[in-house]
Amino acid sequence: MQIFPPYADTIARAALLATAGALLGGLGLLIVLPFTAHVTRQDITVEQPIQFSHEHHAGGLGIDCRYCHTSVEQSRFAGIPPTETCMTCHSQIWTNAAMLAPVRRSLAEGDPIRWQRVHRLPDYVYFDHSVHVAKGVGCSTCHGAVQRMQQIRQVAPLTMGWCLDCHRDPAPNLRPKEAIYDMDWSAPANQRQQGQKLIHDYLIRTEGLIDCSRCHR
């Protein structure tokens, strides 16, 4: 007499297929997940304590990046402007604007504005703004057209593969020094030729750019 009914084989096969599908699906999810916006934070708008508009300041008023990000040429970090930088203008204009009340309170109380970081790399990644700027990488290459952003967001994935693509072939992304902070810059028709010349002019040693120790120290 049979212990299992005739349909038991069908159930067993279905269970095996479901288990294999779940394992493959889980593996696929682990492979894809690091490249999703949930992990890379690409195109995600971060809520800030004050709705600062790069579109207005950098685009409309044409304020140079270095006016606020003062350490971008000398330091690993571009720097976040202190409240005093904001008040160099706003002590004269829009002095009573309601949306700027946190700025005035920050100055009066000596308590820095708690800006939320938008572009965040893992702690084990070494990145230096000053080196990239000195070697001809413009702001918009990594940060996008911030002069058209009402609220700043991360437009590049900032993954290791994305960085390595540039390190393997930097020529398409290099600019002359006078165009580093030009947010409307676009590559000329002869960018490949121009980029190769800039590699020579900037003394970029391309053979070591993809060494692990370049970014992981």
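Since the model is a prediction, treat every value here as computed from it, not as a measurement. (Residues numbered from 1 in each chain as written. Predicted model: local features only at pLDDT ≥ 70, side-chain atom pairs only at ≥ 80, totals over all residues. Heavy atoms only, no water.)

(A) Broad picture of the UniProt feature "domain: Cytochrome c7-like" (unreviewed entry) in the protein. Under the feature "domain: Cytochrome c7-like" (unreviewed entry), the UniProt entry names residues 125-216. Helix makes up 38% of residues 125-216 and strand 0%. Its end C-alpha atoms lie 5 Å apart. (UniProt positions renumbered as here; feature names shortened; annotations may be inferred. Helix = DSSP H or I, 4+ residues; strand = E, 2+ residues; numbered from the N terminus.)

(B) How the structure looks around a positive patch on the surface. The grouping of K135, K177, R205, R214 and R217 at the surface amounts to a positive patch. Relative to the helices and strands, R217 is located in the segment after α11 (212-215). For R217, a relative accessible area of 67% translates into the label exposed. (Patch = residues over 30% accessible without salt bridge, like charges linked within 9 Å, V, L, I, M, F, W, Y side chains within 5 Å. Areas by Shrake-Rupley, 256 points an atom, 1.4 Å probe, with all protein chains shown as cover. Salt bridge = Lys/Arg side-chain N within 4 Å of Asp/Glu carboxyl O. Lys, Arg positive; Asp, Glu negative; His and termini not counted. Charge placed at Lys NZ, Arg CZ, Asp CG, Glu CD. Buried < 20%, exposed > 50% of the residue type's maximum accessible area, 1.4 Å probe, protein only.)

(C) The side chain of S140, seen in detail. By the element assignment, S140 lies in helix α8 (residues 139-143). In this view, S140 contacts R175, D182 and M183; residues no more than four positions away in its chain are not counted. (Contact = heavy atoms within 4.5 Å.)

(D) How the structure looks around the packing of aromatic side chains. Considering all chains together, one arrives at one aromatic pair under this definition. Positioned above the aromatic ring of Y181, the side-chain terminus of R66 is 3.8 Å from the ring centre. Here R217 stacks its cationic end above the ring of Y126, 4.0 Å away from the centre of that ring. (Phe/Tyr/Trp six-rings, centres within 6.5 Å; stacked < 30°, edge-to-face > 60°. Lys NZ or Arg CZ within 6 Å of the ring centre and 35° of its normal.)

(E) Looking closely at unusual backbone geometry. For R41, which is not a glycine, the phi torsion comes out positive at approximately 65°. By the secondary structure assignment, R41 is in the loop between α2 (37-40) and α3 (54-60). A relative accessible area of 34% places R41 in the partly exposed class. Look at L203: it is not a glycine, yet its phi comes out positive at around 60°. The residue L203 is located in the loop between α10 (191-201) and α11 in this model.

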